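# Observations on the model geometry
The residues making up each chain are set out below.
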Amino acid sequence: MNLWRRHPGVRTGDALTTGERAADYVRNGMGSWPFVFLFLGTMALWAAYNQSDGFDPYPFILLNLFLSMIAGLQGAILLISAKRADSVSSEVAVHTLSNTALLQDMIEANTVLTESVARLAAEIHEHVCPSAQRLGAGTSQKVRSPVSQP
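Criteria and thresholds
- Residues numbered from 1 in each chain as written.
- Predicted model: local features only at pLDDT ≥ 70, side-chain atom pairs only at ≥ 80, totals over all residues.
- Heavy atoms only, no water.
- Salt bridge = Lys/Arg side-chain N within 4 Å of Asp/Glu carboxyl O.
- Helix = DSSP H or I, 4+ residues; strand = E, 2+ residues; numbered from the N terminus.
- 1 Å grid on protein atoms, 1.4 Å probe; cavity = no way out; pocket = protein on both sides within 12 Å on 5 of 7 lines; lining within 4 Å.
- Points joined across faces, edges and corners; volume = space filled by probe spheres on them.
- Nonpolar A, V, L, I, M, F, W, Y, C, P; charged D, E, K, R; others polar.
- Buried < 20%, exposed > 50% of the residue type's maximum accessible area, 1.4 Å probe, protein only.
- Expected span 1.5 Å × (residues − 1).
- Arc of directions from axis to C-beta.
- Axes fitted to C-alpha atoms, helices over the stretch in contact; angles between N-to-C directions.
- Parallel < 35°, antiparallel > 145°, perpendicular 65-115°, else oblique.
- Left-handed = near helix turned anticlockwise from the far one by under 90°.
- Contact = heavy atoms within 4.5 Å.
- Polar contact = N/O pair within 3.5 Å; in protein donor to acceptor, adjacent residues only side chain to side chain.
- Phe/Tyr/Trp six-rings, centres within 6.5 Å; stacked < 30°, edge-to-face > 60°.

### Some thoughts on the pattern of salt bridges
- Inspection of the entire model under this criterion finds one salt bridge.
- Notably, a salt bridge pairs R119 with E123, separated by 3.9 Å at the nearest N-O pair. You can see R119 and its partner E123 sitting in helix 3 (residues 61-128), four residues apart, about one turn around the helix.

Following this line, the structure appears as structure tokens:
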């Protein structure tokens, strides 16, 4: 199951053109295991029914004609599906880029806020503990905490 439909950056539903919806339908249908098994089953039934006295006896000329027509369209179908997959990837990439830019802005704002908080904390510390500032700045003695004493 493709989860790209749940991605917020990928257009779905009515936002898609008829061609894009058809490309998604064909890609999801023909690019699946049920399609492969259905195709193999159809080929086996065709061969079994036409084994003797069928409407298309061996060497299955009509079947070969149908398969050749499908092969002729297969290149175009694969290109259309690949083009749609590229479109989905582009939409995801653009969404990711816009989110990255937004996150960068938020990180920069957070950095400015963190620097402001650090500056304000230092100012508060100066007002609350002025003696510790003078003691540490005026002398070469270090203030020891009770925990760090031997």
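Now that the structure has been shown, the text picks up again.
### Points about the layout of surface pockets
- One number sums up the size of the largest pocket: a volume of about 440 Å³.
- If you trace the largest pocket, you find 20 residues lining it, with M30, F35, F39, I70 and Q74 closest to the centre.
- Taken together, the elements giving at least two residues each to the lining of the largest pocket come down to helix 1 (18-30), helix 2 (33-49) and helix 3.
- No other element matches helix 3, which puts 10 residues into the lining of the largest pocket.
- Residues belonging to the lining of the largest pocket are distributed by class as follows: 15 nonpolar, four polar and one charged.

### Observations concerning unusual backbone geometry
- If you check the backbone angles, F60 has positive phi at about 55° while not being a glycine.
- By secondary structure assignment, the location of F60 is in the loop between helix 2 and helix 3.
- Judged by relative accessible area, which is 14%, F60 ranks as buried.

### Observations regarding helix 1
- Helix length check: helix 1 (13 residues) gives 18 Å between terminal C-alpha atoms against 18 Å at 1.5 Å per residue, within 8%.
- When helix 1 is considered as a whole, its buried residues turn out to be E20, A23, D24 and R27. Projected onto a plane normal to the axis of helix 1, the buried residues spread over an arc of 100° and lie on a single side. Structural note: helix 1 exposes T18 and Y25 on the side pointing more than 90 degrees away from its buried face.

### Comments concerning the packing of helix 1 against helix 3
- Interaxial distance between helix 1 and helix 3 falls to 9 Å at its minimum, and their mutual angle equals 110°. In terms of axis orientation, helix 1 runs roughly perpendicular to helix 3. Here helix 1 runs over helix 3; the crossing is left-handed. Every residue of helix 3 that contacts helix 1 at E20, A23, D24, V26, R27 and M30 is listed here: I77, I80, S81, R84, A85 and S87.
- Among the residues making up the contact of helix 1 with helix 3, the classes are represented as six nonpolar, two polar and four charged.

### Looking at the side chain of D56
- Position of D56 among the secondary structure elements: in the loop between helix 2 and helix 3.
- D56 sits in the buried class, given a relative accessible area of 5%.
- Reaching out from D56, the side chain makes a polar contact with the side chain of W46 at a distance of 3.2 Å.
- Of the polar contacts made by the side chain of D56, one reaches the backbone nitrogen of L62; its length is 3.1 Å.

### Some words on the packing of aromatic side chains
- Summed over all chains, the structure comprises five aromatic pairs.
- An angle of 45° between the planes, with centres 5.8 Å apart, marks the rings of Y49 and F55 as tilted. Each member of the pair, Y49 as well as F55, is classed as exposed.

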